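Read off the chains here:
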Amino acid sequence: MPPDRRSPDRLTIDVSVLPDTVFGHRGLVWWGTVGFMAIEGTTLAIAAAAYLYLRTNAAEWPPRPTANPDLLIPTITLAVLLLKLIPYGLAERAAKRFDLAGVRRWLVIGSAVGLLALVLRWFDLQALNVRWDTNAYGSGVWLALVAHTSLMATDVLESAVLTAIFFTDRVQPRHFSDVEDTAIYERFLSVAWLLLYLLVFLGPRVL
């Protein structure tokens, strides 16, 4: 027999003592962020695997007459992406203190740096010195960069929205934990680009 929901003996749980805002693995959104990173990391890993597969089947890399990719702008992009970790790390610390002014300041700076990196990404694509449809090498490097660029573009948009929320009267305590999730995702993006930079821009010189 199913329990009678009208019965005074029905079990209940008092959740009124639970905090309204939690950080880290205690938050549901934190686990969602980890799940997204796992999915997107798998996508980038597949792109890198395809690039390496093509490399193992080529006598020359890049194939003639394609030149090696330029290093200057992609290296600057890498530096900017790593630099972006500083304001987002400070925003994360401010969020855990529920420091609204600090969160606003560092999110604005982090979003600006992220937008700069996205602009530089256009020049990264030019630095490849090959079109996506020129040969298998071109398809491989464009696949890797476009996959990462799509994540960067989405991240810039999401960061702008989160920053805007903190400048409205709609900001709620739960939004502070969103700042921590954003900072974690920024680390993922930067580390992913570091690995792709080594593979795509330095790889042809050593592989």
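Residues numbered from 1 in each chain as written. Predicted model: local features only at pLDDT ≥ 70, side-chain atom pairs only at ≥ 80, totals over all residues. Heavy atoms only, no water.

Colleague: Outline a nonpolar patch on the surface, listing residues and values.
Modeller: Together, Ile13, Val15, Val17 and Leu18 line one region of the surface with nonpolar side chains, adding up to about 460 Å² of accessible area. Tracing the chain through its elements places valine 17 in the segment before α1 (28-56). By relative accessible area, valine 17 is classed as exposed at 68%. (Patch = residues over 30% accessible without salt bridge, like charges linked within 9 Å, V, L, I, M, F, W, Y side chains within 5 Å. Areas by Shrake-Rupley, 256 points an atom, 1.4 Å probe, with all protein chains shown as cover. Salt bridge = Lys/Arg side-chain N within 4 Å of Asp/Glu carboxyl O. Helix = DSSP H or I, 4+ residues; strand = E, 2+ residues; numbered from the N terminus. Buried < 20%, exposed > 50% of the residue type's maximum accessible area, 1.4 Å probe, protein only.)

Colleague: Give a description of the packing of aromatic side chains that names residues and reports values.
Modeller: Inspection of every chain in the model, using the stated rule, returns 9 aromatic pairs. When the centroid spacing of 5.9 Å and the interplanar angle of 70 degrees are considered together, the rings of phenylalanine 23 and phenylalanine 98 count as edge-to-face. Residue phenylalanine 23 is located in the segment before α1, and its partner phenylalanine 98 is located in the loop between α3 (85-96) and α4 (100-127); the two are separated by 75 residues in the primary sequence. Ring-pair connections join several aromatic residues into one group, and the members of that group are Phe23, Phe98, Phe166 and Phe176. Residue placement shows arginine 104 over the ring face of phenylalanine 167; its charged tip is 5.1 Å from the ring centre. Sitting over the ring of tryptophan 193, arginine 121 keeps its end group 3.9 Å from the ring centre. (Phe/Tyr/Trp six-rings, centres within 6.5 Å; stacked < 30°, edge-to-face > 60°. Lys NZ or Arg CZ within 6 Å of the ring centre and 35° of its normal.)

Colleague: Give me the lowdown on the packing of helix α5 (residues 136-165) against helix α6 (residues 173-206), citing residues and values where you can.
Modeller: As a packed pair, α5 and α6 sit with axes 11 Å apart at the nearest point and diverge in direction by 160 degrees. With respect to their mutual orientation, α5 and α6 come out roughly antiparallel. Judged by the twist between their axes, the crossing of α5 over α6 is left-handed. Looking at the contact of α5 with α6 residue by residue, the class counts come to 18 nonpolar, 4 polar and 3 charged. (Axes fitted to C-alpha atoms, helices over the stretch in contact; angles between N-to-C directions. Parallel < 35°, antiparallel > 145°, perpendicular 65-115°, else oblique. Left-handed = near helix turned anticlockwise from the far one by under 90°. Nonpolar A, V, L, I, M, F, W, Y, C, P; charged D, E, K, R; others polar.)

Colleague: Describe in detail unusual backbone geometry, supporting the description with residues and values.
Modeller: Omega for the peptide link from tryptophan 61 to proline 62 comes to 0 degrees, which places this bond in the cis form. Relative to the helices and strands, proline 62 resides in the loop between α1 and α2 (72-83). Here the amide bond leading from arginine 64 into proline 65 is cis, since omega sits at 5 degrees, within 30 degrees of zero. Along the polypeptide, proline 65 turns up in the loop between α1 and α2. Here the phi dihedral of phenylalanine 98 falls at roughly 55 degrees; this positive angle occurs in a residue that is not glycine. Not every positive phi belongs to a glycine, and asparagine 129 is a case in point at roughly 65 degrees. Of note, asparagine 129 is situated in the loop between α4 and α5. Assessed through its relative accessible area of 34%, asparagine 129 is described here as partly exposed.

Colleague: Quick one: what's the story with the nonpolar core, residue by residue and with numbers?
Modeller: Core analysis: the largest hydrophobic core is formed by 35 residues, its most contacted members being Leu128, Val141, Trp193 and Phe201. Looking at this core, the elements that each hand over two or more residues are α1, α2, α4, α5 and α6. Looking at this core element by element, the count peaks at 11 residues for α6. Grouped together as the second largest cluster of nonpolar side chains are 11 residues, Tyr88, Phe166, Val179 and Ala183 included. (Core = buried A, V, L, I, M, F, W, Y, C linked by side-chain atoms within 4.5 Å.)

Colleague: Describe α1, with residues and values.
Modeller: If you check α1, its first and last C-alpha atoms are 42 Å apart, about what 29 residues at 1.5 Å a residue would give, namely 42 Å. What α1 keeps buried is the set Thr33, Met37, Glu40, Leu44, Ala47, Ala48, Tyr51 and Arg55. Each element contacted by the buried residues of α1 is listed here: α5 and α6. (Expected span 1.5 Å × (residues − 1). Contact = heavy atoms within 4.5 Å.)

Geometry only, nothing functional implied.
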